[in-house]
Amino acid sequence: MTSERTTCVIVGGGPAGMVLGLLLARAGVDVEVLEKHGDFLRDFRGDTVHPSTLTLLDELGLGEAFARLPYSRVEEVAFPAADGGTVVVADFRRLKVPHPYVAMVPQWDLLDLIADAGEPEPTFRLRMSTAVTGLVRDDGRVRGVRYDTAEGTSGEIAADLVVACDGRWSLARQQADLRVREFRVPIDAWWFRLPRAADYPWALTPRAGRGRFAVVIPRTDFLQIAYIAQKGTDSALRARGIESFRRDVAELMPDLAGRVDTLRSMDDVKHLDVRLNRLHRWHVDGLLCIGDAAHAMSPVGGVGINLAVQDAVAAATLLAEPLLRGRVTARELAAVRRRRLMATVLVQTLQRIMHRGFVKPILEGRRTGPPRPLLALLRRVPRASYLTAYLIGVGFRPEHAPSFAARPTPPAGHPDGRRPFTPTSRIRRPSSS
């Protein structure tokens, strides 16, 4: 078993882990990001990058690189109306921000972009195919991690700080015995894809029917569908089979009925066990949890990625200096939670309200769409769609790049410049020790 040392180990190479690694490296902190998979090519489903995150990418000097990625723009959330028209629930074009839209980008491309930005930094190291298997403790403090590689080697990395960015089933969080507060969730989600016609509108279009609800997300070359039904019904849904599921989808979305035959089997329908929770404390001595490891979010609003990125920016802003001096105190770790807690609580509260007041009545057959007073208000006062767009797209406390990580972005070709996408290497192997 090899033994190594660094200043900060980040467990998990998702959006939170990669952004935190890049920012800390730009501050001069020695940082290692450990990602258990050999590449970023996984089904991330929603893959939304909101206006606040697009602004952050500009501040980091990555706006031009992002503009070259293959992505689609979603400018509004609109419900079909009984008269054949639509009611706009959130109009991102009303936002006074550099990028008044939600970018739908494959998350592996976003992660590759951040990895490429970190590569020139002398203190940044990304280790793929490296799975953390446990925490190293000494005298009541987390002192590092143990890991296994795909090649069959094992090792330990000592660190001044371990940051858990390994998702809602975080191994690091579990081994630190941090208590989780779970909230009741009435829904689960199933994700699948259908072909997209060239003239399909660039809008998130929720569809509601008795006992069923779906959101159609336009992508560059397909439609991503989030199908919402009551929690705990996955086995029954699969037992009914693909023909029954196709009929349900066609009934809920008649305009897409001609495309449901592209669903070959229930293997094409991916189940998401929706969870909504947060830690009471986000840290123990030597370990900090952020992103889904600290607070699992519902897919309602698609804000999970963006909250995780904001956690990472806050953590880098508050902890870069303590890490450079070689000691991070429990008080400094607690400051990250204090800074991000209110935004997390408010978003989760809104999601719980949406579950109870909007989604659950549809799934129970008591309603087939949003409350009529809300739709009437949005029709009479279209500007009300600004508030929902702001809450989804910007949020309660958007974070901005700290001065040590900011880089100027060349103005040419951005934000509207769309250049040919040049794929980068998706597999990064650890350099020799």
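A few points on the structure. A quick note: this is a predicted structure, and the numbers were derived from the prediction, not measured.

**What about the packing of aromatic side chains?**
Working step 1: With the rule as written, the count across this model stands at seven aromatic pairs.
Working step 2: Pairing phenylalanine 66 with tyrosine 71 gives two aromatic rings, centres 5.1 Å apart and planes at 35 degrees, and the pair type is tilted.
Working step 3: Assessed through its relative accessible area of 2%, phenylalanine 66 is described here as buried.
Working step 4: Relative to tyrosine 390, the ring of tyrosine 386 lies with its centre 6.1 Å away and its plane at 35 degrees, an arrangement referred to as tilted. With tyrosine 386 and tyrosine 390 both in helix α11 (residues 385-393) and four residues apart, this pair spans about one turn of that helix.
Working step 5: Accessibility expressed as a relative area gives 35% for tyrosine 386, which makes it partly exposed.

**Here we look at a nonpolar patch on the surface**
Working step 1: Judged by side-chain polarity, Met342, Leu346, Leu350, Ile353 and Phe396 come together as a nonpolar surface patch covering roughly 430 Å² of accessible area.
Working step 2: Assignment of secondary structure puts methionine 342 in helix α9 (residues 330-363).

**Some thoughts on the pairing of strand β6 (residues 76-80)**
Working step 1: Within β6, four of the five residues are buried, leaving the element largely enclosed by the surrounding structure.
Working step 2: Pairing of β6 with strand β7 (residues 86-91), which is carried by five bridges, proceeds in the antiparallel orientation. The residue bridging alanine 78 from the neighbouring strand is valine 88, located in β7.

**Considering the pattern of salt bridges**
Working step 1: If you walk through the whole model with that rule in mind, you get 31 salt bridges.
Working step 2: When the shortest N-O distance is used, the salt bridge between aspartate 91 and arginine 93 registers 3.0 Å.
Working step 3: By relative accessible area, which is 10% here, aspartate 91 ends up buried.
Working step 4: Each member of the salt-bridge network shares a partner with another, and the members are Glu75, Glu76, Asp91, Arg93 and Arg94.

**Things to note about the packing of helix α1 (residues 15-26) against helix α8 (residues 304-325)**
Working step 1: Between α1 and α8, whose axes approach to 8 Å, the crossing angle comes to 30 degrees. With respect to α8, the element α1 is oriented roughly parallel. Judged by the twist between their axes, the crossing of α1 over α8 is right-handed. Touching Pro15, Ala16, Val19, Leu20, Leu23 and Leu24 of α1 are Ile305, Ala308, Val309, Ala312, Val313, Ala315, Ala316, Ala320 and Leu323, all from α8.
Working step 2: Partitioned by chemical class, the residues of the contact of α1 with α8 number 15 nonpolar, no polar and no charged.

Calculation rules
- Residues numbered from 1 in each chain as written.
- Predicted model: local features only at pLDDT ≥ 70, side-chain atom pairs only at ≥ 80, totals over all residues.
- Heavy atoms only, no water.
- Phe/Tyr/Trp six-rings, centres within 6.5 Å; stacked < 30°, edge-to-face > 60°.
- Buried < 20%, exposed > 50% of the residue type's maximum accessible area, 1.4 Å probe, protein only.
- Helix = DSSP H or I, 4+ residues; strand = E, 2+ residues; numbered from the N terminus.
- Patch = residues over 30% accessible without salt bridge, like charges linked within 9 Å, V, L, I, M, F, W, Y side chains within 5 Å.
- Areas by Shrake-Rupley, 256 points an atom, 1.4 Å probe, with all protein chains shown as cover.
- Salt bridge = Lys/Arg side-chain N within 4 Å of Asp/Glu carboxyl O.
- Pairing = 2+ DSSP bridges.
- Axes fitted to C-alpha atoms, helices over the stretch in contact; angles between N-to-C directions.
- Parallel < 35°, antiparallel > 145°, perpendicular 65-115°, else oblique.
- Left-handed = near helix turned anticlockwise from the far one by under 90°.
- Contact = heavy atoms within 4.5 Å.
- Nonpolar A, V, L, I, M, F, W, Y, C, P; charged D, E, K, R; others polar.

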